[in-house]
Amino acid sequence: MFDIDITGEALDLATLRRAAHEPVRVHMTDTVRAKVAEAAEAVASIIDSGRVTYGINTGFGLLARRTIPRGELEHLQRNLVLSHAAGVGAPLPDAVVRQIMLLKIVGLTRGYSGTRTDVVDALAALLEHEVYPMVPEKGSVGASGDLAPLAHLSAVLMGEGQARRRGQVLSGREAMKAAGLEPIVFHPKEALALLNGTQVSTALALDSLFALENVFAAAVVAGALSVDAAMGSDVPFDPRIHEARGQAGQIEVAKIYRQLLQGSEIRAAHADCDRVQDPYCLRCQPQVMGACFDLMQQSARTLIIEASAVTDNPLIFPETGEALSGGNFHAEPVAMAADVLALAIAEVGAMAERRIAMLIDPGMSRLPAFLVENGGVNSGFMIAQVTAAALASENKSLAHPASVDSMPTSANQEDHVSMATFAARRLHDMAFNTANIVAVELLAAAQGVEFRGPLKTSPALARAMATIRKAVPRYERDRAFAPDIEAMCRVVQEGGFRELVGNVLS
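Below is a summary of the structure that appears in this document.

Under the definition given, this model contains 6 aromatic pairs. Arranged with centres 5.1 Å apart and planes meeting at 70 degrees, the rings of Phe381 and Tyr475 form a pair that is edge-to-face. Of the two residues, Phe381 is situated in the loop between α16 (362–365) and α17 (382–398) and Tyr475 in the loop between α19 (459–471) and α20 (482–493); the sequence distance between them amounts to 94 residues. Assigned by exposure class, Phe381 and Tyr475 land together as buried. Ring plane angle 20 degrees and centroid distance 4.7 Å describe the contact between Tyr475 and Phe481, whose orientation is recorded as stacked. On the accessibility criterion, Tyr475 (5% relative accessible area) is buried. Judged by relative accessible area, which is 15%, Phe481 ranks as buried. Among the aromatic side chains, those forming a connected cluster through ring pairs are Phe381, Tyr475 and Phe481. The lysine or arginine in question, Arg474, covers the ring of Phe451, its NZ or CZ lying 4.7 Å from the ring centre.

Here's what the structure looks like:
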């Protein structure tokens, strides 16, 4: 169980990364609890004053002009959750829901949402007991917040909907009981504070950012291994080249390639060969992977901010007693960050696929055709490259920016939306595709390096070879390829090559 102190300060990326991989327990400081209570008291004061205030004693969306009688305010909150729980599709993974719940707690405890501490405590109890609401993956346009998915999450607090606990599906009432809770009757503003927000889009984007970190590390290692397999040059990684351009990611990634290739006997053996230049898939790796690395960092900065942001509406300012209606629920920053990550994921995979194609082509790599002895009888990596090409092509379609699309909703009251939820959700499939492409490259490059024997690769890449061969043996003759790709992909996804690139992704 990972303990997280909620202090009012932003969560860092290391905390968010760890929360994605293990159960979480949160602890709120007295100062934070006081801020939450103060905002709730401000909402109560607004109701007592009779002042008509959006989201507190009015309808929602196009119905915002309708004032709701005091006796129906709690009923209004319940109806809001039930009517908005309109998502469809498979439930999101528990790890993503856990992150959503954590981010929602962080946002509510900033003290601008007007919920009671009881509501935040209930979310915290569900987290601690590993009770995760079942949230359908589809149904949000990323403004006014992730309404439908967050409604499914919030329904469990009322004893409605469904949740999972350690693989067992529970009714909402059973879920609350498992956490030692009774169903909550939401007070004014509370359901709206829970439903408004970008936490679903942000959690999905973070999930794929963390997946991409492992894939990126493996792709850099695979690319370096391919340089040796193809007897490529290390001159393109010379620091002077990259410093002359000045792009930070390029400079950093070129340094990693130099470190990975240092001490290679293969490289030393052809230092004076007749090949003038390598193909771009080898030579331009720092430029392409460095740009992808820069995009990952840019997206991470946006998502770190959003993870601790207040994104519901209206916001309560207890010091003045005001409830200000704005648009922090609009998830455009998340949508654009996700679109940028999509570009990086697609390019990492596209570059890796080109190196696979180069390695299996004897005219380019000077290796046996399709990286196997007795070609003709054996097809070797022929169709593995086709699979990689199919995945790279699919990623190109998925990389189309979601944030440029918008569909008006709520009778045109919500007339421009971000599509952030889809923008973030599709990254999972893209990261899976690229992980498999890189897995194929690792297997191909390892095969190519072994063909260069008795010359040895570098010490660092020898460690990579050991990791590869621990998972998948060498190809002496044709065998079923899919289990080998799956085994190698698992190593990639679990971060099996991350140590070799150092702490650049920390």
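All right, on to the layout of surface pockets then. Quantified by volume, the largest pocket comes out at close to 620 Å³. Around the largest pocket, the lining comprises 29 residues; the ones closest to its centre are Phe60, Leu80, His84, Leu147 and Ser410. At the level of elements, α3 (73–84), α6 (147–157) and α8 (190–195) are the ones that each hand at least two residues to the lining of the largest pocket. The element contributing the most residues to the lining of the largest pocket is α3, with 6 residues. Here the lining of the largest pocket is built from residues that sort into 14 nonpolar, 13 polar and 2 charged. Looking at the lining of the second largest pocket, the elements with two or more residues in it are α9 (199–229) and α18 (420–451). Of all the elements, α9 adds the most residues to the lining of the second largest pocket, at 6 residues.

Where helix α4 (residues 94–108) contacts α9, the two axes come as close as 9 Å, and the packing angle between them is 125 degrees. Of the possible angle classes, the one that applies to α4 and α9 is oblique. Here α4 and α9 pass one another in a crossing that is right-handed. The residues of α9 that touch α4, namely those facing Val96, Gln99, Ile100, Leu103 and Lys104, are Gln199, Val200, Thr202, Ala203, Leu204, Leu206, Asp207 and Phe210.

In this section: empty space enclosed by the protein. Using the criterion set out here, one finds 2 cavities of 30 Å³ or more in the structure. Forming the walls of the largest cavity are Asp5, Ile6, Thr7, Gly8, Glu9, Leu11, Val106, Thr109 and Arg110. Classifying every residue of the lining of the largest cavity by side-chain character gives 3 nonpolar, 3 polar and 3 charged. By volume, the second largest cavity amounts to about 30 Å³. Forming the boundary of the second largest cavity are Lys104, Gly107, Leu108, Ser113, Ala193, Asn196, Gln199, Ala309, Val310, Thr311 and Asp312. For the lining of the second largest cavity, the residue count by class is 4 nonpolar, 5 polar and 2 charged.

The next thing to look at is the environment of Ala125. Tracing the backbone shows Ala125 in helix α5 (residues 117–128). Its relative accessible area of 13% is what places Ala125 among the buried residues. Sequence separation between Ala125 and Val156 is 31 residues; the distance between their C-alpha atoms is 12 Å. Non-local contacts of Ala125, meaning those with residues more than four positions away in its chain, are made with Ala179 and Leu181.

Before going further, it helps to examine the sheet that holds strand β6 (residues 162–165). Strands sit in the order β4-β6-β7 across an open sheet of 3 strands; the sheet is antiparallel. The open sheet terminates on both sides in strands that have one partner only, identified here as β4 (131–133) and β7 (168–171). With direction set aside, neighbouring strand axes in the sheet form an average angle of 35 degrees. Across the sheet, α4 is in contact with β4 and β6; its angle to β4 comes to roughly 90 degrees.

Let's shift gears to the state of the cysteines. Per the counting criterion, the structure on display carries 0 disulfides. Counting only cysteine sulfurs, Cys281 is the nearest neighbor of Cys284, a cysteine outside any disulfide, at a range of 9.1 Å. Note on Cys284: relative accessible area 22%, which makes it partly exposed. The thiol of Cys292 is unpaired, and the distance to the nearest cysteine sulfur, on Cys284, comes to 13 Å.

On the surface, Met382, Ile383 and Val386 cluster together into a nonpolar patch covering about 250 Å² of accessible area. Tracing the backbone through its elements, the reader meets Ile383 in helix α17.

What follows deals with the pattern of salt bridges. All told, the structure shown has 24 salt bridges when counted by the stated rule. Between Arg70 and Asp48 there is a salt bridge, and its shortest N-O distance comes to 2.8 Å. Placement of Arg70 in the loop between α2 (30–49) and α3 and of Asp48 in helix α2 is noted, with a sequence separation of 22 residues between them. Arg70 gets classed as exposed once you look at its relative accessible area, which sits at 55%. With relative accessibility at 54%, the residue Asp48 sits in the exposed group. Note that Glu486 is salt-bridged to Arg490, the shortest N-O span being 3.6 Å.

Criteria and cut-off values
- Residues numbered from 1 in each chain as written.
- Predicted model: local features only at pLDDT ≥ 70, side-chain atom pairs only at ≥ 80, totals over all residues.
- Heavy atoms only, no water.
- Phe/Tyr/Trp six-rings, centres within 6.5 Å; stacked < 30°, edge-to-face > 60°.
- Helix = DSSP H or I, 4+ residues; strand = E, 2+ residues; numbered from the N terminus.
- Buried < 20%, exposed > 50% of the residue type's maximum accessible area, 1.4 Å probe, protein only.
- Lys NZ or Arg CZ within 6 Å of the ring centre and 35° of its normal.
- 1 Å grid on protein atoms, 1.4 Å probe; cavity = no way out; pocket = protein on both sides within 12 Å on 5 of 7 lines; lining within 4 Å.
- Points joined across faces, edges and corners; volume = space filled by probe spheres on them.
- Nonpolar A, V, L, I, M, F, W, Y, C, P; charged D, E, K, R; others polar.
- Axes fitted to C-alpha atoms, helices over the stretch in contact; angles between N-to-C directions.
- Parallel < 35°, antiparallel > 145°, perpendicular 65-115°, else oblique.
- Left-handed = near helix turned anticlockwise from the far one by under 90°.
- Contact = heavy atoms within 4.5 Å.
- Pairing = 2+ DSSP bridges.
- Disulfide = S-S within 2.5 Å.
- Patch = residues over 30% accessible without salt bridge, like charges linked within 9 Å, V, L, I, M, F, W, Y side chains within 5 Å.
- Areas by Shrake-Rupley, 256 points an atom, 1.4 Å probe, with all protein chains shown as cover.
- Salt bridge = Lys/Arg side-chain N within 4 Å of Asp/Glu carboxyl O.

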